[in-house]
Structure formats: structure tokens, C-alpha cells
Amino acid sequence: MKPKSIRCMKFFLALFNIIFILFGLVLMAICVINMRDRAHREQPSSLSRGVLSFILTLGFGLIVTAVLGCIGSLRENVKILYVHSCFLMFLLSVEVMVGVGSAVINAWVGGGSELRLQFYKNITVDDEGPNQQAFWDKLQSENQCCGVDGPQDYAILQRDIPASCCARAHPLREGGARRHLHSTCITERSYYVRGCEEVLRQKKAFKGNIFITTGIIFTLLEIVCIILSLWMARVVRQERRKLQQNLQAHFET
């Protein structure tokens, strides 16, 4: 009968690799959906083609590595287990380098200047007014914000605060009721106070924390899987060596 340690390692190694397969399939599905949306939309996606290609390649490599891990653990194949651990080490090093690199780039490059440029372009350029105005109406109504730093941005440029900064006026169609609610909102100063840059920064920080937490958990799982794979290969090799020695001793006697 096989030792309990080998059976436990086989179970957890197969379980972790099944999780990796599912995670890789999710990554590939997200990339395919974003690429298809990117092809059908005129506006560019939030993720560039290079990032999508990298994530797609990473998901495929993770699935291949996890399949090797499942085969190696279930068949107790020492060579496949070593190959699986080497592949996981390579993927882990790539993930760490990309994560550190993206963190450094985000720390050096700020995204507030682009939003500010779009805002002033919306206010000052008349040629692209409808498209830019629709973009800002949607941005302000969905995020419950007004301007870049606040409603004072419109006052600085001597423009009226739009209806999209008012919670009750914007959902209505253009007409007398909407104009009345809009004017009441301006008079009572019940429009949104927070700027869109602050709101978007908070949402980005929240998504970043979720991404970092998920990445840390996934990295720990990969490290545990590497340790289990190497440990199982070592234990299996020792058990086979003991069995071979016992058989050799038996035939000699």
C-alpha cells in the first residue's frame, strides 16, 4: 500500500492544478471577449492588444503546465513532476517581473492629466462637442461626480454646470421638467461635489487592491504547488529506490 504522504500530495497537487486550469480558462475567455469587443467597437478597449496577447499566452501556458501537473501527480511520474515544477517556476518569475514592472510604471506615470485634457477639450473645442459631451455626461452620471476636481471647474471656464451633474435632472428626457429640475439643482447647489478624477482614482485603487490580493493568493498557490511537486517527485523516487532495494535483497537471499 502506498504511503499516506504520497496520497495526500497527489490529492492536493491534482486539486491545485485543476484550480490553475479553471483560472487559465477564465483568463483566456476574458481575453477573447475583450478582443472581440475591441474589433466591433470604434473606441479602443481599456486593455491594449499587447496586454491581451500576454494574458492569453499566460493563460494558455498555465493550462498546459497544470495539465502536466495533473498527469504527473496521478501517474506518479517523476520526470513530468520535475518538468511541471520548472514550468511553474518560469511562469512565476514572469508574473513577478510583470507585476513589479507595471507597479513601477503606474507609480511614474499618472492618469489625471489625460482626463483633464479631455475635460478642457470638451469645453473649449466645438468640433468634437457632441461626442465629448456624451462621454462626460455618461462619466459624470455613472460615477456621481462633476468636472475633474469638482463643479468649480465649470465656474473657472465660465460655463454652466451640466444636467449630468444633477442626480434628478439627468435621467429625464430633454424638456421642461428636466430644465426645471436642472435649474433647481443649480439654485440649491444639490449637484455632485466630488471631482471625477478623485472618484476614478478611488475606483482604480479598489480594483488594484483586488488585483494585488488575487495575485498574492495565486502566487502563494503556485509556490505551494512547486514545493508539492518537487517533494512528491523526491518521495516517489525514494519509495521506488527502497522497493528496488528490497526486491534485490529478496532475490539475493
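Residues numbered from 1 in each chain as written. Predicted model: local features only at pLDDT ≥ 70, side-chain atom pairs only at ≥ 80, totals over all residues. Heavy atoms only, no water.

**A closer look at the side chain of E76**
In this structure, E76 sits in the loop between α2 (49-75) and α3 (78-108). On the basis of relative accessible area, E76 is assigned to the buried category, the value being 10%. A polar contact of 3.0 Å, which involves the side chain of E76, links it to the side chain of K10. (Helix = DSSP H or I, 4+ residues; strand = E, 2+ residues; numbered from the N terminus. Buried < 20%, exposed > 50% of the residue type's maximum accessible area, 1.4 Å probe, protein only. Polar contact = N/O pair within 3.5 Å; in protein donor to acceptor, adjacent residues only side chain to side chain.)

**Some details on the state of the cysteines**
Taken as a whole, this structure holds three disulfides when the rule is applied. Here C146 connects covalently by a disulfide to C165, the sulfurs 2.2 Å from one another. Its S-S torsion of about 85° marks the bond between C146 and C165 as right-handed, since a negative value means left-handed. Of this pair, C146 sits in the loop between α5 (129-143) and α6 (152-156) while C165 sits in the loop between α6 and α7 (176-188); the two residues are 19 residues apart in sequence, bridging distant segments of the chain. Counting its disulfide-bonded cysteines in sequence order, the chain shows a connectivity of 1-6, 2-3, 4-5. (Disulfide = S-S within 2.5 Å.)

**Here's the deal with a nonpolar patch on the surface**
A grouping of F211, I212, I216, L220, I223 and I227 is seen on the molecular surface, where their side chains present a nonpolar patch of about 610 Å² in accessible area. Here F211 lies in helix α8 (residues 196-252). (Patch = residues over 30% accessible without salt bridge, like charges linked within 9 Å, V, L, I, M, F, W, Y side chains within 5 Å. Areas by Shrake-Rupley, 256 points an atom, 1.4 Å probe, with all protein chains shown as cover. Salt bridge = Lys/Arg side-chain N within 4 Å of Asp/Glu carboxyl O.)

**Overview of α2**
Under the 1.5 Å per step criterion, the end-to-end length of α2 is 39 Å for 27 residues, consistent within 8% with the ideal 39 Å. Within α2, burial applies to L52, L58, G59, L62, I63, T65, A66, G69, C70, G72 and S73. Two residues or fewer after α2 comes E76, characterised by a positive phi angle close to 55°. (Expected span 1.5 Å × (residues − 1).)

**Looking at α7**
In this model α7 runs 18 Å from its N-terminal to its C-terminal C-alpha over 13 residues, within 8% of the 18 Å that 1.5 Å per residue would give. Looking one or two residues beyond α7, the residue adopting positive phi is R189, at roughly 55°.

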